[in-house]
Amino acid sequence: MKQQYDQDYSAWIAETVALLREGRWQELDLPHLIAEVEDLGKSERRAINSQLTRLLLHLLKWQYQPQRRSDSWLDSITDARTQIELTIADSPSLRDYPASQLSTSYERARRQAAEQTGLPLSTFPETCPYSPEMVLTQNWLPATDT
């Protein structure tokens, strides 16, 4: 099975599922199975981080470039919130994860906002001006910064 993992991942999954269903525990490729299960958790956290960064990016652009606001920014904001919500619904233990990652995601979003808008990085606050509750609340948008 270990060789199959490297040569045909899909076949390895099918065989692993069959072995699990049949209770043939001794035949399982445990090292790879453990790694795959660990990656599932990492994948969900990465998805939340990615969506949170996208959400914060568009909230910054919304606030600091009001003249360029668009429906696509609103769509992106709404979709990012929905994707985070869906991930948390599937894994309620991640409910507090967005709040714990807010500052890290904000740093990325701040850099991206400066790049995408052409505004100086110093235009955007060094620390996230939004609370986790604000960021994740459907229909909440920051006021224009003037």
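Residues numbered from 1 in each chain as written. Predicted model: local features only at pLDDT ≥ 70, side-chain atom pairs only at ≥ 80, totals over all residues. Heavy atoms only, no water.

Asks: Can you lay out the pattern of salt bridges for me, pointing to particular residues and giving the numbers?
Replies: It is possible for side chains bearing opposite charge to pair when their charged atoms get close. Using the criterion set out here, one finds three salt bridges in the structure. Of the charged contacts in the structure, one is a salt bridge between E27 and R24, with a shortest N-O distance of 2.7 Å. One salt-bridge network, held together by shared partners, links E22, R24 and E27. (Salt bridge = Lys/Arg side-chain N within 4 Å of Asp/Glu carboxyl O.)

Asks: So what about the packing of aromatic side chains? Which residues, and what values?
Replies: Considering all chains together, one arrives at five aromatic pairs under this definition. Between Y9 and W12, the ring centres sit 6.0 Å apart and the planes meet at 20°, which makes this aromatic pair stacked. Remark: W12 and Y9 occur in helix α2 (residues 9–22); sequence separation between them is three residues, near one turn of the helix. Look at W12 and you get buried, because its relative accessible area is 2%. Look at Y130 and W140: their rings are 5.4 Å apart centre to centre, the planes differ by 70°, and that puts the pair in the edge-to-face class. Residue Y130 is found in the loop between α5 (97–117) and α6 (132–136), and its partner W140 is found in the segment after α6; the two are separated by 10 residues along the sequence. By way of ring pairs, the aromatic residues Y5, Y9 and W12 are connected into one cluster. (Phe/Tyr/Trp six-rings, centres within 6.5 Å; stacked < 30°, edge-to-face > 60°. Helix = DSSP H or I, 4+ residues; strand = E, 2+ residues; numbered from the N terminus. Buried < 20%, exposed > 50% of the residue type's maximum accessible area, 1.4 Å probe, protein only.)

Asks: Tell me about α5, and name the residues and values.
Replies: Across its 21 residues, α5 extends 28 Å between first and last C-alpha, which sits within 8% of the 30 Å expected from 1.5 Å per residue. The largest bend along α5 measures about 45° and falls at S103. Turning to α5, its buried residues are Y97, P98, Q101, L102, S105, Y106, A109, R110, A113, A114 and T117. Each element contacted by the buried residues of α5 is listed here: α3 (30–64), α4 (71–90) and α6. (Expected span 1.5 Å × (residues − 1). Bend = angle between axes of the 7 residues up to and from the residue. Contact = heavy atoms within 4.5 Å.)

Asks: For the side chain of T53, give the residues involved together with the corresponding values.
Replies: Here T53 is to be found in helix α3. Overall, the relative accessible area of 6% leaves T53 in the buried class. Apart from residues no more than four positions distant in its own chain, T53 is found in contact with S105, R108, A109 and Q112.

Asks: Please provide a residue-by-residue account of the packing of α3 against α5, values included.
Replies: In contact at an axis separation of 7 Å, α3 and α5 are set at 50° when each is read in the N-to-C sense. As the angle between them shows, α3 and α5 are arranged oblique. For α3 against α5, the interelement crossing comes out right-handed. For the contact of α3 with α5, a count of residues per class yields 11 nonpolar, seven polar and four charged. (Axes fitted to C-alpha atoms, helices over the stretch in contact; angles between N-to-C directions. Parallel < 35°, antiparallel > 145°, perpendicular 65-115°, else oblique. Left-handed = near helix turned anticlockwise from the far one by under 90°. Nonpolar A, V, L, I, M, F, W, Y, C, P; charged D, E, K, R; others polar.)

Asks: Go over the nonpolar core, please, and point to the residues and values.
Replies: Note on soluble globular proteins: their nonpolar side chains tend to be buried together. Counting 22 residues, the largest nonpolar core has L55, L56, L60, F124 and V135 as its most contacted members. Those elements that place two or more of their residues in this core are α3, α4 and α5. Among the elements that make up this core, the one with the highest residue count is α3 (eight residues). With residues up to four places along the chain from it excluded, the contact list for V135 reads L52, L55, L56, L59, R81, L102, Y130 and W140. (Core = buried A, V, L, I, M, F, W, Y, C linked by side-chain atoms within 4.5 Å.)

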